Amino acid sequence: MSGARETVLALRGVTFRRNGVEILHGIDLTVREGERWALLGPNGAGKSTILGFCGAQQHPTSGTVEVLGRRLGRVELQSLRRGIGHVNPRHPVRSPLTALEVVLTGISGTIELPMRWCPTMEEIARAEARLHEVGLAARAEAVWPTMSQGERGRALIARALVSEPGLLLLDEPTTGLDVAAREQFLETVDDLARSAPRLTTILVTHHLEELPESTTHAVVIAHGDVVAAGPADEVVTSEIISRAFEHPIEVGASDGRWSARALRTRGRADGTGSAGGAVNPVP
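I will try to describe carefully the structure that is included in this document. Keep in mind it's a predicted model, so treat the numbers as computed, not measured.

A closer look at the sheet that holds strand E9 (residues 217-222)
In space, the six strands of this open sheet follow the order E6-E7-E8-E3-E9-E10, with mixed pairing throughout. Unpaired on one side and paired on the other, strand E6 (84-87) and strand E10 (225-231) mark the two borders of the sheet. Strand-to-strand twist across the sheet, computed as the mean angle between neighbouring axes with direction ignored, equals 15 degrees. Pairing of strand E7 (residues 167-171) with strand E8 (residues 200-205), which is carried by five bridges, proceeds in the parallel orientation. Residue pairing across strands places Leu167 opposite Thr200, the latter belonging to E8.

Okay, here's the thing in structure tokens:
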């Protein structure tokens, strides 16, 4: 990416405390327009807290957070959130909305369709176009409870894109998907790199096989600190992932996708320590 690209997200010296416990310790991170970031780390590392800053959902205890050029604490949050798309597989739809109606809630900024709200023809056409982009044009009238998890995931991408955001957040988006649905979802994400090259994305996961091929950068978090951040091929490595997860992990890469497996010790003379045996700690 060109160095002239605008900064979309900037965290400077960010700390966060909850119930008197410091969860993040001086986080620095810069994300620029058109970059496709992965936010990686073990459970409890602080990924969700950082994503909350990215989505303008919470403020840091100290330090500064700027999203889309506006600083948290100095901007009306609801206005800022309209420029941020959010894909969450736990999206709490309760009523039997159609796929098209779910996408339209991305315009209203609500979970359900607001009472007495009537979308314009232009808004309906825009929602239909987003469904077409994610391969769901033929399922526009499908009702949410009857849709597969994979279809729901792609519908949520369409919902996030309908407001034409400058930042797209994907919060463990392949949760609950089988292998085929996961791959279809990741293909949809990869297609965005071609159809919306200036869109910035941040995908949160702790499974390397869930990273799209289009991933350009990665930040690895552990115990509330940044272990490493930068180009994906420099960050998603055996050494860095092992350090973050505190376990010897072998990271592989093939055709633009990553994989990970635990390193095993060789069998000891007494016959123990085979593939199921103890694993040496990371230095």
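Considering the environment of Val14
Relative to the assigned elements, Val14 resides in strand E1 (residues 7-18). Each C-alpha atom of the pair Val14 and Ala260 lies 30 Å from the other, and the pair is 246 residues apart in sequence.

Examining the nonpolar core
Nonpolar side chains in soluble globular proteins tend to end up buried together. Of all hydrophobic cores here, the largest spans 50 residues; its most connected members are Leu40, Val87, Leu131, Ile157, Leu168, Phe185 and Leu208. It is helix H5 (residues 149-161) that provides the largest number of residues to this core, a total of six residues. With residues up to four places along the chain from it excluded, the contact list for Leu208 reads Leu40, Val236, Ile241, Val251, Trp258, Ser259 and Ala260. If you look at the next biggest cluster of nonpolar residues, it comprises 30 residues, including Val8, Phe16, Ile27 and Leu72.

Considerations on empty space enclosed by the protein
Scanning all chains against the criterion turns up two cavities of 30 Å³ or more. One number sums up the size of the largest cavity: a volume of about 70 Å³. For the lining of the largest cavity, the secondary-structure elements that each account for two or more residues are strand E3 (36-40) and E8. Ranked by the residues each element gives to the lining of the largest cavity, the list is headed by E3, at three residues. Of the residues assigned to the lining of the largest cavity, the class counts are six nonpolar, three polar and one charged. By volume, the second largest cavity is sized at about 40 Å³. Lining the second largest cavity, in full, are Leu9, Leu29, Val31, Trp37, Leu39, Ile50, Cys54, Ile202 and Val219. Looking at the lining of the second largest cavity, its residues break down into nine nonpolar, no polar and no charged.

Some thoughts on the sheet that holds strand E4 (residues 62-67)
Sheet architecture is open: four strands sit in the order E2-E1-E4-E5, paired in antiparallel fashion. Strand pairing shows two members of the sheet lacking a second neighbour, strand E2 (21-32) and strand E5 (70-71), which therefore form its edges. Pairing between E1 and E4: five bridges, direction antiparallel. Counterpart to Ala10 in the pairing with E4 is Glu66. Across the face of the sheet, helix H1 (residues 47-54) comes into contact with E1, E2 and E4 while running at roughly 130 degrees to E1.

Some points on the side chain of Thr205
Along the chain, Thr205 turns up in strand E8. Judged by relative accessible area, which is 2%, Thr205 ranks as buried. Separated by 2.7 Å, the side chains of Thr205 and Glu210 make a polar contact. When residues no more than four places from it in sequence are discounted, the contact partners of Thr205 are Leu39, Leu40, Gly41, Lys47, Glu172, Glu210 and Leu211.

Some thoughts on the pattern of salt bridges
Inspection of the entire model under this criterion finds eleven salt bridges. Where Glu22 meets Arg17, a salt bridge forms, and the shortest distance between an N and an O atom there is 3.1 Å. Between Glu239 and Arg243 there is a salt bridge, with the nearest N and O atoms lying 3.0 Å from each other. In this pair, Glu239 and Arg243 are both assigned in helix H8 (residues 238-245), four residues apart and thus about one turn of the helix distant. With relative accessibility at 48%, the residue Glu239 sits in the partly exposed group. Taken together, the shared-partner salt bridges connect Arg182, Glu183 and Arg257 into one network.

Here is what the cut-offs are and how they apply
Residues numbered from 1 in each chain as written. Predicted model: local features only at pLDDT ≥ 70, side-chain atom pairs only at ≥ 80, totals over all residues. Heavy atoms only, no water. Pairing = 2+ DSSP bridges. Helix = DSSP H or I, 4+ residues; strand = E, 2+ residues; numbered from the N terminus. Axes fitted to C-alpha atoms, helices over the stretch in contact; angles between N-to-C directions. Core = buried A, V, L, I, M, F, W, Y, C linked by side-chain atoms within 4.5 Å. Buried < 20%, exposed > 50% of the residue type's maximum accessible area, 1.4 Å probe, protein only. Contact = heavy atoms within 4.5 Å. 1 Å grid on protein atoms, 1.4 Å probe; cavity = no way out; pocket = protein on both sides within 12 Å on 5 of 7 lines; lining within 4 Å. Points joined across faces, edges and corners; volume = space filled by probe spheres on them. Nonpolar A, V, L, I, M, F, W, Y, C, P; charged D, E, K, R; others polar. Polar contact = N/O pair within 3.5 Å; in protein donor to acceptor, adjacent residues only side chain to side chain. Salt bridge = Lys/Arg side-chain N within 4 Å of Asp/Glu carboxyl O.

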